[in-house]
Amino acid sequence: QVQLVESGGGLVQPGGSLTLSCQASGLSLTAIGWYLLASGKQRDQFAAMTNVGSTKYAESVKGRFTIYRDSTKNAWYLRMTSLKPEDAAVYYCAAGTVGWDPIDDDYWGQGTQGTVSS
């Protein structure tokens with residue numbers, strides 16, 4: 001059974017950091033995307049990575065967020081630094097076996113909440 005399990009959300013102050021984890025099982029992934037769901041908005045992809053190491057980031061997170069992976073564990077991570085109040089959202093990982101475009105993300109994690117507040 002294909003499954004993506006997320007962890008690592010929590011509460012941080014502005015300027016703080018969080019590391020999110022996406023643990024995959026039952027599937028050999030080609031690419032993973034990270035999405036956020038802010039209040040009243042759709043889920044938007046802001047970062048993605050392929051299984052050969054290519055990455056892309058939205059301008060809003062470039063230089064602050066970093067994707068990395070541990071192929072031996074089939075796990076993917078998102079390191080978020082210099083967090084701002086507007087970064088507060090539910091974060092999702094999603095993955096597939098084709099490419100890193102949203103249309104190729106067939107499997108989703110359950111979401112984990114990141115809260116940025118003083």
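As a reminder, the structure under discussion sits directly above these lines.
Residues numbered from 1 in each chain as written. Predicted model: local features only at pLDDT ≥ 70, side-chain atom pairs only at ≥ 80, totals over all residues. Heavy atoms only, no water.

Draft legend 1. Quick look at the packing of aromatic side chains. A full pass over the atoms with the stated rule returns five aromatic pairs. On the numbers, 4.7 Å between centres and 50° between planes, the contact of Y35 with W108 is tilted. Here Y35 is found in strand β4 (residues 31-37), whereas its partner W108 is found in strand β10 (residues 107-108), with 73 residues between them in sequence. Judged by its relative accessible area of 4%, Y35 falls in the buried class. Centre to centre, the rings of Y92 and W108 are 6.4 Å apart; their planes meet at 75°, and the pair counts as edge-to-face. (Phe/Tyr/Trp six-rings, centres within 6.5 Å; stacked < 30°, edge-to-face > 60°. Helix = DSSP H or I, 4+ residues; strand = E, 2+ residues; numbered from the N terminus. Buried < 20%, exposed > 50% of the residue type's maximum accessible area, 1.4 Å probe, protein only.)

Draft legend 2. Quick look at the nonpolar core. Formed by 27 residues in total, the largest nonpolar core has its most connected members in W34, F46, F65, L78, M80 and Y91. Dropping the residues within four chain positions of it, F46 is found in contact with W34, Y35, L36, K56, Y57, A58, V61, F65, L78 and Y91. (Core = buried A, V, L, I, M, F, W, Y, C linked by side-chain atoms within 4.5 Å. Contact = heavy atoms within 4.5 Å.)

Draft legend 3. Just the sheet that holds strand β1 (residues 3-7), in detail. Pairing within the open sheet is antiparallel, and its four strands lie in the order β1-β3-β8-β7. If you trace the sheet from one side to the other, it starts and ends with β1 and β7 (65-70), each paired once. Taken over all neighbouring pairs, the strand axes of this sheet differ in orientation by 20° on average, direction set aside. When β1 meets strand β3 (residues 18-25), the two strands line up antiparallel, connected through five bridges. Counted as the bridge partner of L4 is A24 from β3. (Pairing = 2+ DSSP bridges. Axes fitted to C-alpha atoms, helices over the stretch in contact; angles between N-to-C directions.)

Draft legend 4. Local environment of the pairing of β3. Sheet topology places β3 next to strand β8 (residues 75-80); six bridges connect them, and they run antiparallel. Residue pairing in the sheet places T19 in a bridge with R79 of β8.

Draft legend 5. Structural view of the pattern of salt bridges. Within this structure, the stated rule accounts for three salt bridges. Between K56 and D101 there is a salt bridge, with its nearest N and O atoms 3.7 Å apart. One end of the pair, K56, is in strand β6 (residues 55-57); the other, D101, is in the loop between β9 (89-96) and β10, and 45 residues separate them in sequence. According to the relative accessible area criterion, K56 is partly exposed, its value standing at 27%. On the basis of relative accessibility, which here comes to 38%, the residue D101 falls in the partly exposed class. Residue R64 is joined to D87 by a salt bridge in which the shortest nitrogen-to-oxygen separation is 2.8 Å. (Salt bridge = Lys/Arg side-chain N within 4 Å of Asp/Glu carboxyl O.)

Draft legend 6. Up close: the environment of V2. Note that V2 resides in the segment before β1. Sequence separation between V2 and T19 is 17 residues, and the spatial gap between their C-alpha atoms is 23 Å.

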